[in-house]
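Fold and contact review
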Amino acid sequence: FSIVDNTGECSQSTNAYFEVANNGKTVNSLSENFAAAAVTSFRLSPKKEQNGRSGTQYLVGVIQDCTKLEVKQLSVLGHMKSTLEVPDKENRGMIAAVFTVETQEAIRVLVKFDDGSIICVKVEPNEEALVEWEREEALAAVVGIPVSVEMPILSANDTSTNELLDLFNEGNSAALVAARLYSQALGALDTLKGLGENVWNLAKLVVETKGQWLVKAYRGELGASGYTDFEKSNFGFMHVIIMLTSHGKIFALESETGDILWTHYDPSLSNAKAKLFVTRPRVSGTLQPEVLVLSNTGESASYNGLTGALVSKESVPANGRIIEMMPVSFLQKEDEHMERAVVLVLVDDLSVHIVPKNLQSAFATAEVTTGKLTDQLRVFTVDPEQERIVGYGIISMGADLKATELWSMTVPNTYTIVAVGTHPNDPVNSPARHVGGGSVMIKHINPHLAAVAAVSEESATLLVSLIDTVTGKVVERFVHKNCVGPVNIVHFENNVIYTASHVTYQRTEVFAVSIYEGTVLEKYEMNLWTGVPETVGADDSASSFEVKTEKLIVSQRGFFMPHRVRTLAVSKTRQGITERAVLAGLETGGVVSIDRRFLDPRRPIGTPTKQEAEEGLIAYFGEIPVIPQKIITYLNEVQNIDTILTIPTNLESTCLVLIVGIDMFYARLQPSLGFDLLAEEFNYALLIMLTLGLCIGVWFMSRALRQKRLAKKWK
């Protein structure tokens, strides 16, 4: 067997020579010149013919000529060529490697492509080769944070629910309740329409099972049928989850089934650091959801989030290195009811660009309630190489934007910045916390607060700084001895939780921080006559330049876990009413949901007092328990967990959780249980039986009462 002049490039020709020898004598050979081809790999697979003739051998060669896959079979009887059309070949790239596996029945050839996908080609003697199966192995190499867009409400002829949800996203909180009631009314109407058919089917089922169905229904042994697609859609469970892989391939998965809805392969993304952004999260009128992928080289592309259709493709005219990419939402003047997100790109020459470019002029002139949008914008960057944190302001010069440095900060020489946690600016149900004795502590909710962690390997010290990214002021700083990376940070409401590895005890240290305003309102300080203090209900418009007369109350407490934590996340709901749960991805492959009460820095040492018990505080104990019932991955293990994505739904009690590692795991999470819906295993059959029985009983009783009254009158 030999190959002559194998250049391996599609731009040149390749000469290949195949030879089958028996006892040193050439029995059969094949020589071909492949114009503009590349011979990727050859494999020898000796195999006897099915008739048992000894000395018969087959040689399988896999040849890729940039457009198709060829499988060659040679034997003492001759040679045979099979040409295969690779499924979705435009989205796979070139062949990267070929492997063969021989069995008694056939030879299977595994072909790996540049996009990370694998197909298995089955080759049987003297038969056409065929593709037996294919797998998207690139999903094991997801990079960055996945994003999601909402699928439209499933309704054949009605769009009212989507329109009500549009109003909710614009700030009308009552619209969410109206949308829920409207969808429930539609569901009830559909149920009434099919009631007769359902009753008839139930009656047939009772007769066919000779009454055993009634017994099983009474005992609750029928099992759960699960939510219908209509219910899942109305509950907001159906999303399109979009992710980017290290091979440069973008995947869009349907959340409830895991099916791949669309893919797009861009080889340039495999060598560049790219990020995904959602520029329109859901259907609004005739406008479709959009996602934007932007690389550090300035290349960007927008896609329809539902279909994957390319919307636009452009490049940022950057003359330097891109140092920050930040999504910003604003209302366009042409449509005050459509909030659109753009990506602000900051280049090291302090030029600022907006992607997509056609919205740059609209963005530069956009206004918010407190003035011009660009005047309110602040951007901060973290440079791990120079160990420097810099804050910038944005200056608008007509349609052009420019950044100006406002403040900077450098960590000590021996320290390296390893993690940054920013505030997600999610909805907050209560801006205050009720403490014992009827007092109220006001939460310090600052959407501009960032937690920056730096580690010194020399002294094994962790330095965590809470920084106001608008002013550059250090709100608080914590130093932890004998702690090193990896460091994970999650920031929500007025809480910061971070983990690190303890070098002495070889365990994971967990630190919880809560920040409150300096004023504590006593029991009778806030009533109908005194009104609501200004510090209560602070929102995005709260100014970082406001002078605080009271010093902030910062509580901090350390805990530990016996397992190594790879990543942290927090549950997320539409209105923020449901109690938050902290999700910890463990080295063992599980994800545990930790009750916020265990991570409260105000947990008392010793037996709680009456006021502390009234507040719901539990006694301090250093170890955070890993409760088996709180492991949301159950018995499944997701190795090398990198990211935990949480997605709010239309149900306040429920959020969606996607765990991404080498494998993926998806589940629904209810931190405060399902207080606003019936469980999937609810015994609907028994409910229908009881309702029908009650109706029949009422009818018989009313008939008997009428007959009794009639008989009484005849006496």
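Remember, predicted model here, so these are calculated numbers, not experimental data.

The next subject is the overall build of the protein chain. In terms of helices and strands, the protein chain carries nine helices and 43 strands. Looking at the protein chain as a whole, 44% of its 715 residues qualify as buried. Here the contacts in the protein chain between residues at least 6 apart in sequence split such that 52% fall between residues at least 24 apart. Carbon and sulfur atoms provide 53% of the accessible area of the protein chain, an area that totals close to 36500 Å².

Below, the discussion takes up a nonpolar patch on the surface. Together, Ile688, Leu692, Ile696, Trp699 and Phe700 make up an exposed nonpolar region whose accessible area comes to about 490 Å². When you line up the elements, phenylalanine 700 lands in helix α9 (residues 684–714).

What follows concerns the sheet that holds strand β42 (residues 655–660). Pairing in this open sheet of three strands is antiparallel, and the strands run β41-β42-β43 from one edge to the other. Each having just a single partner strand, β41 (643–648) and β43 (664–669) make up the two edges of the open sheet. Taking the axes of each pair of neighbouring strands and ignoring which way they run, one obtains an average angle of 15 degrees across the sheet. Bridging between β42 and β43 involves six bridges; their strand directions are antiparallel.

Okay, the pairing of strand β13 (residues 239–245) next. Along β13, seven of the seven residues are buried, which leaves the element largely enclosed by surrounding structure. Burial of β13 is two-sided: the residues His239, Ile241, Met243 and Thr245 facing one way and the residues Val240, Ile242 and Leu244 facing the other way are all buried. Pairing analysis gives six bridges linking strand β12 (residues 142–150) to β13, with the strands arranged antiparallel. Directly across from valine 149, in β13, lies its bridge partner valine 240. As paired strands, β13 and strand β14 (residues 249–254) are joined by five bridges and run antiparallel to one another. Residue pairing across strands places leucine 244 opposite isoleucine 250, the latter belonging to β14.

Next up on the list: the pairing of β43. Here β43 shows a buried face lined by Phe665, Ala667 and Leu669 and an unburied face lined by Met664, Tyr666 and Arg668. Connecting β42 to the next strand, β43, in antiparallel fashion are three residues.

Here the amide bond leading from valine 355 into proline 356 is cis, since omega sits at 5 degrees, within 30 degrees of zero. Take proline 356: it is sitting in the loop between β22 (351–355) and α6 (360–364). For the bond from glycine 485 to proline 486, the omega torsion is 5 degrees, close enough to zero to count as cis. Secondary-structure assignment places proline 486 in strand β34 (residues 483–492).

Evaluation of the coordinates by the stated rule reveals six aromatic pairs. For the ring pair phenylalanine 559 and tyrosine 620, a centre distance of 5.5 Å and an interplane angle of 45 degrees mean the geometry is tilted. Of the two residues, phenylalanine 559 is situated in strand β37 (residues 553–561) and tyrosine 620 in the loop between α8 (610–615) and β41; the sequence distance between them amounts to 61 residues. Judged by relative accessible area, tyrosine 620 falls into the partly exposed class, the value being 28%. On the basis of an interplanar angle of 65 degrees and a centroid distance of 6.2 Å, the ring pair of tyrosine 634 and phenylalanine 665 is categorised as edge-to-face. Of this pair, tyrosine 634 sits in the loop between α8 and β41 while phenylalanine 665 is found in strand β43, placing the two residues 31 residues apart along the sequence. Judged by relative accessible area, which is 57%, tyrosine 634 ranks as exposed. Taking relative accessible area as the criterion, phenylalanine 665 reaches 12% and is therefore assigned buried. For arginine 557, the ring lying beneath its charged end belongs to tyrosine 620, and the centroid distance is 4.8 Å.

Another aspect to go through is the environment of isoleucine 497. Inspection of the secondary structure puts isoleucine 497 in strand β35 (residues 495–502). Judged by its relative accessible area of 2%, isoleucine 497 is buried.

To continue, consider the environment of glutamate 476. Tracing the backbone through its elements, the reader meets glutamate 476 in strand β33 (residues 474–481). Residues glutamate 476 and valine 554, 78 residues apart in the sequence, show an inter-C-alpha distance of 8.0 Å.

With that settled, the discussion passes to the side chain of threonine 469. Its place among the elements puts threonine 469 in the loop between β32 (461–468) and β33. Judged by its relative accessible area of 10%, threonine 469 falls in the buried class. Here the side chain of threonine 469 touches histidine 448 through a polar contact of 2.7 Å, landing on its backbone oxygen.

Take the pattern of salt bridges next. Following the criterion strictly, the structure yields 20 salt bridges and no others. In this structure, aspartate 600 engages arginine 433 in a salt bridge whose closest nitrogen and oxygen atoms are separated by 2.6 Å. Here aspartate 600, found in the loop between β40 (591–595) and α8, pairs with arginine 433, found in strand β29 (residues 432–434); they are 167 residues apart in sequence, far enough to count as distant. The residues aspartate 600 and arginine 433 share a single accessibility class, namely buried. Several salt bridges share partner residues, and in doing so they unite Arg433, Asp600, Arg602 and Glu615 into one network.

A few words now on the side chain of threonine 245. Mapped onto the elements of the fold, threonine 245 is located in strand β13. For threonine 245, a relative accessible area of 1% puts it in the buried group. Separated by 3.0 Å, the side chain of threonine 245 and the backbone oxygen of lysine 249 make a polar contact. The residues contacting threonine 245, other than those within four sequence positions of it, are Ala138, Leu139, Ala141, Val142, Val143 and Phe251.

Turning next to the environment of asparagine 91. Along the chain, asparagine 91 turns up in the loop between β7 (78–84) and β8 (95–102). Residue classification places asparagine 91 among the buried positions, given a relative accessible area of 11%. Sequence-wise, asparagine 91 and phenylalanine 113 are 22 residues apart; in three dimensions their C-alpha atoms are separated by 9.8 Å. Discounting residues that sit within four places of it in the chain, asparagine 91 has contacts with Asp115, Lys249, Thr263, His264 and Tyr265.

Definitions and limits used
- Residues numbered from 1 in each chain as written.
- Predicted model: local features only at pLDDT ≥ 70, side-chain atom pairs only at ≥ 80, totals over all residues.
- Heavy atoms only, no water.
- Helix = DSSP H or I, 4+ residues; strand = E, 2+ residues; numbered from the N terminus.
- Buried < 20%, exposed > 50% of the residue type's maximum accessible area, 1.4 Å probe, protein only.
- Contact = heavy atoms within 4.5 Å.
- Areas by Shrake-Rupley, 256 points an atom, 1.4 Å probe, with all protein chains shown as cover.
- Patch = residues over 30% accessible without salt bridge, like charges linked within 9 Å, V, L, I, M, F, W, Y side chains within 5 Å.
- Salt bridge = Lys/Arg side-chain N within 4 Å of Asp/Glu carboxyl O.
- Pairing = 2+ DSSP bridges.
- Axes fitted to C-alpha atoms, helices over the stretch in contact; angles between N-to-C directions.
- Phe/Tyr/Trp six-rings, centres within 6.5 Å; stacked < 30°, edge-to-face > 60°.
- Lys NZ or Arg CZ within 6 Å of the ring centre and 35° of its normal.
- Polar contact = N/O pair within 3.5 Å; in protein donor to acceptor, adjacent residues only side chain to side chain.

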